[in-house]
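Chain by chain, the residues:
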Amino acid sequence: MTAYGNVTNNWRAYLNAWEASRTETTLTISATGGFAAYNWGFDISSGVSTSITCSHAGGTGSGSGGAWSSYGGWEETQRASGTWTVPRGSTGYYVTIYCTTTNASGYMNGTSSCSATVWVPPINYNKPHNPTNVAASRVSDNKNTLSWSQDGTGMDGLYPWGGFCIDRRVDGGEWSRIASIDSYSTHSYADTTTSPDHSYQYRVSTYGPGGTSGSVSTGVLYNTPSAPSFGSIARKTATIVTVNLHNASKTATGLDVQVSTDGAAWGETSKFADKVTTFDIELGGGTFYLRARNTRGAMASAWSKKSDQVVTICAPKAPALTAPASSAVVSKATENISFTWKHSPIDGSAQTAAQLRYSTNGGTTWTTVDVTGGAQSKSVANAFAVNSTVTWSVRTKGAHADYGPWAGNRVFHVKQVPTVYFSAPASGAVVGEMPIAVALSYSDPSGALANAKLELQHSGSTVWSKDMGNATAATIGAADFLPTNGESYTLKATVRSSSQLQATAVRTIEIDFIEPERAYLSIEPDPDTGHVDITAKIAEDESLATATRIQLFRVYKDSRICIADDTSGGVTITDKYAPLNVDYSYEVVTFAESGSFHTSSFEGRIDTPWWFVYFSDGIARAMWEPAGDIDQGRPNDELVYFDGREWPVLFQTRNKSDERSFSGWVDTQEEADLFGDMSLAAGDKVYKSLKGDVFHCRASAKITPDYEYGENGADISVSITRIDGGDL
């Protein structure tokens, strides 16, 4: 390249720069320069000097002397030259050559400068050398490590390298790049993206400015195989089965199999080579379970889930004996005894034969009965002696040639059913008075009377019963049950022997009582105390039996309370606890000596403005005010929430609560004092409301004097809690 400097006094500097030579890694540049006339003639003998320098290398080319050109000429006079060698790199660049010429000859003095550039092309690098000693190691199912060395020959010359590429293929598939390492000093890598039941192979290459080297591959690494699962299992022979597996493992080279008889304890390991999808195994006879795992060398998968039950052909287990039940009692009157059992195969085969054996001497000698086919029962004539004990057992056969074991012995007893009949009352007896005397006649060759039950039935329903124990006589008194006159009843006796057998007897009787005289009631209610005086009087009638006893009952809603159990005509009974301001009734029952009776009913009612609390020493009463509340409930009920149920479940107890608070007023100090006495009195109390409630309670009162109702009037506030105290 030629360059010229600035023109000064008809001359200028000139420069020629060019590539002189090159190697693979360097470039040599040469340059000449000096004085160039600019349309002028010169003839200078000395005083002209030139200096040439390079931007990328040291050293200066210089020289001096004269200059010449023809008149109006353009001639150039070389005054200096130079040569420089610069390196070639991975990229090309320009080198600048500078030239300065000075004229100090005394004619047309001055200085002129110029520069020129020369291109330094990049090195033509070669691919780096392949890595060496490439190796891979398995650390776990989730980690493999790689290592390698690098051939550094020419690294700082034509074979530079800057890093490594790592490729991987899984299960022999396509290669894929998993890492690029931009460091020539790193010689290892950890792959933590591996997983069980896969194989991995790696290759490593080096890259640099000249490209990428060839790849060096490792061996194949294998991870732990996955577990198989059971497909079908079929009997091949009596004791050998063929097993088909679902085995999708990619790394398995072997199979371990274990056998269990209960699915919990496992036996020795059987080993099979290669990846296995079907195999035969000898089990012997019985019921078995299998489990399997894949292996590769020392690596093994988890054990599979246990197989379904595998049954080979074998003799059955002892059958289950079902009847007669253990220690059962069989009546001698039973013509045939049916023996039943349940076949218990191990291999699933149906019963093909059975043997029944029985003994009457505790198993010293046996009678054996063969049963063919699948029948699981056998009827045997009941030729056993009364009171004999029979021991029996059964064994069965299935598809296997052998019988299974005998079932555990079971025993039953042959007994005579006892006999019973009514010796009293006589058949068709007419009962004209109470009590009714009953007597049984009992006979039992196989035991003794253990229990007897006597029932009195009417129209098919039991109206009275009695457990007689081991007695054979009983009395039905008027206090026990009063039959309806003119009706027919059935006596039924059920007896149970110590042999466990039982018998029954029935007897029909007719009731023909002469009814007693009637009673009527004089009823006098007292609204100031809440009491009722009742006097029963007998209406004499010669056509009727004399009334010897009177019972008195109060009937209200569903309750029938006896207020006088044994009284007579003309006696006055005080009913303290009759309900207030509601309708109820009294029943008066008269009884004859025979036990016959008659019932009459009379209406009752107490109208009063008072409510009462009865206590041990008196009666507290007050008039009602329209204020109060009643709180009733079941305090121990509980709501329980269960997972999976939308609503809670109510657990109820039998407990109930009834708490009441109300007020009233009294007109006198004496009445107010009675509420104070009531609050302090010990024991329970009885509350009678204005609406018919009557019950035992715990009660307390608050007394507030209020002279609006008189000089000694007071407001009364009462709190009561109902308690259990029995009928009133």
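Residues numbered from 1 in each chain as written. Predicted model: local features only at pLDDT ≥ 70, side-chain atom pairs only at ≥ 80, totals over all residues. Heavy atoms only, no water.

1. As for the overall build of the protein
Then, number 1: From N to C terminus, the protein includes one helix and 56 strands.
Then, number 2: Computed over C-alpha atoms, the radius of gyration of the protein comes to 63 Å, more than 25% over the 27 Å expected from 2.2 N^0.38 for 728 residues, which places it beyond the range of a compact globule.
Then, number 3: Considering only C-alpha atoms, the protein reaches an extent of 195 × 105 × 35 Å along its principal axes.
Then, number 4: By the burial criterion, 40% of the 728 residues in the protein qualify as buried.
Then, number 5: Taking the intrachain contacts of the protein between residues at least 6 apart in sequence as the baseline, contacts between residues at least 24 apart amount to 63%.
Then, number 6: Surface accessibility of the protein: about 36500 Å² in total, with carbon and sulfur atoms responsible for 47%. (Helix = DSSP H or I, 4+ residues; strand = E, 2+ residues; numbered from the N terminus. Rg over C-alpha atoms; globule rule 2.2 N^0.38 Å. Buried < 20%, exposed > 50% of the residue type's maximum accessible area, 1.4 Å probe, protein only. Contact = heavy atoms within 4.5 Å. Areas by Shrake-Rupley, 256 points an atom, 1.4 Å probe, with all protein chains shown as cover.)

2. A few points about the nonpolar core
Then, number 1: By size, the foremost hydrophobic cluster in this structure holds 30 residues, and its most contacted members are Phe422, Leu454, Leu491 and Ile509.
Then, number 2: Among the secondary structure elements, those contributing two or more residues to this core are strand E34 (419-424), strand E36 (436-443), strand E37 (449-458), strand E38 (461-469), strand E39 (473-476), strand E40 (488-497), strand E41 (502-511) and strand E47 (584-591).
Then, number 3: Among the nonpolar cores identified, the runner-up in size contains 22 residues, and Ile534, Val582, Tyr586 and Trp610 belong to it. (Core = buried A, V, L, I, M, F, W, Y, C linked by side-chain atoms within 4.5 Å.)

3. A word on a nonpolar patch on the surface
Then, number 1: Residues Val7, Tyr38 and Trp74 make up a contiguous nonpolar surface patch of about 290 Å² in total accessible area.
Then, number 2: Note on placement: Trp74 falls in the loop between strand E5 (57-69) and strand E6 (76-87). (Patch = residues over 30% accessible without salt bridge, like charges linked within 9 Å, V, L, I, M, F, W, Y side chains within 5 Å. Salt bridge = Lys/Arg side-chain N within 4 Å of Asp/Glu carboxyl O.)

4. A word on the pattern of salt bridges
Then, number 1: With the rule as written, the count across this model stands at 17 salt bridges.
Then, number 2: Here Arg203 ties to Asp167 by a salt bridge, and the two come within 2.9 Å at their closest N and O atoms. Taken together, the residues Arg203 in strand E14 (residues 199-208) and Asp167 in strand E11 (residues 163-170) connect sequence positions 36 residues apart.
Then, number 3: Note on Arg203: relative accessible area 25%, which makes it partly exposed.

5. Details of the packing of aromatic side chains
Then, number 1: The tally for this structure, following the rule as stated, stands at 21 aromatic pairs.
Then, number 2: Where Trp611 meets Phe675, the ring centres are 5.7 Å apart and the plane angle is 70°; that geometry is what we call edge-to-face. Separated by 64 residues along the polypeptide, Trp611 in strand E49 (residues 610-615) and Phe675 in helix H1 (residues 669-680) bring together distant segments of the chain. Side by side, Trp611 and Phe675 carry an identical accessibility label, which is buried.
Then, number 3: Measuring from centroid to centroid gives 5.9 Å for Phe612 and Tyr614, while their planes differ by 15°, and the two rings are stacked. (Phe/Tyr/Trp six-rings, centres within 6.5 Å; stacked < 30°, edge-to-face > 60°.)

6. A word on the side chain of Asn103
Then, number 1: Relative to the helices and strands, Asn103 resides in strand E7 (residues 93-103).
Then, number 2: For Asn103, the side chain forms a polar contact with the main-chain oxygen of Tyr107, separated by 2.7 Å.
Then, number 3: Here the side chain of Asn103 touches Met108 through a polar contact of 2.8 Å, landing on its backbone oxygen.
Then, number 4: Filtering out sequence-adjacent residues up to four positions away, Asn103 remains in contact with Trp11, Phe35, Ile44, Gly47, Val48, Met108, Asn109 and Gly110. (Polar contact = N/O pair within 3.5 Å; in protein donor to acceptor, adjacent residues only side chain to side chain.)

7. Details of the side chain of Lys688
Then, number 1: Looking at the element boundaries, Lys688 is found in strand E54 (residues 685-688).
Then, number 2: Buried within the structure, Lys688 lacks any salt-bridge partner; Asp575 is the closest side chain of opposite charge, at an N-O distance of 6.7 Å.
Then, number 3: Within the local environment of Lys688, its side chain forms a polar contact with the backbone oxygen of Lys576, the two atoms lying 2.9 Å apart.
Then, number 4: Other than its neighbours up to four places away in sequence, Lys688 contacts Gly530, Lys576, Tyr577, Ala578, Leu580, Trp611, Phe612, Tyr614, Asp693 and Val694. (Lys, Arg positive; Asp, Glu negative; His and termini not counted.)

8. Points about the environment of Tyr38
Then, number 1: Following the sequence through the fold, Tyr38 ends up in the loop between strand E3 (26-37) and strand E4 (42-54).
Then, number 2: Counting along the chain gives 31 residues from Tyr38 to Val7, while the straight-line C-alpha distance between them is 7.4 Å.
Then, number 3: Look past the residues within four positions of Tyr38 in its chain and what remains in contact with it is Val7, Asn10, Trp11, Arg12, Gly73 and Trp74.

9. Structural notes on the environment of Asp171
Then, number 1: Structurally, Asp171 can be placed in the loop between E11 and strand E12 (176-181).
Then, number 2: With 27 residues separating them along the chain, Asp171 and His198 place their C-alpha atoms 5.9 Å apart.
Then, number 3: Filtering out sequence-adjacent residues up to four positions away, Asp171 remains in contact with His198, Ser199 and Lys250.
Then, number 4: At a separation of 2.8 Å, a polar atom in the side chain of Asp171 contacts the main-chain amide nitrogen of Ser199.

10. Points about the sheet that holds E6
Then, number 1: What the four strands build is an open sheet, ordered E1-E2-E3-E6; its pairing is antiparallel. Of all the strands in the sheet, just strand E1 (2-4) and E6 have a single pairing partner and so form its edges. The sheet shows a mean angle of 20° between the axes of neighbouring strands, direction not considered.
Then, number 2: Bridging between E3 and E6 involves eleven bridges; their strand directions are antiparallel. When the sheet's bridge partners are listed, Ala31 is paired in E6 with Gly82. (Pairing = 2+ DSSP bridges. Axes fitted to C-alpha atoms, helices over the stretch in contact; angles between N-to-C directions.)

11. Structural notes on the sheet that holds strand E42 (residues 518-526)
Then, number 1: What the three strands build is an open sheet, ordered E42-E43-E46; its pairing is antiparallel. Where the open sheet ends on each side, the last strands, each with one partner, are E42 and strand E46 (572-575). On average, each strand axis in the sheet is tilted by 25° relative to the strand beside it, whichever way the strands run.
Then, number 2: Where E42 lies against strand E43 (residues 531-539), nine bridges are found, and the strand directions are antiparallel.

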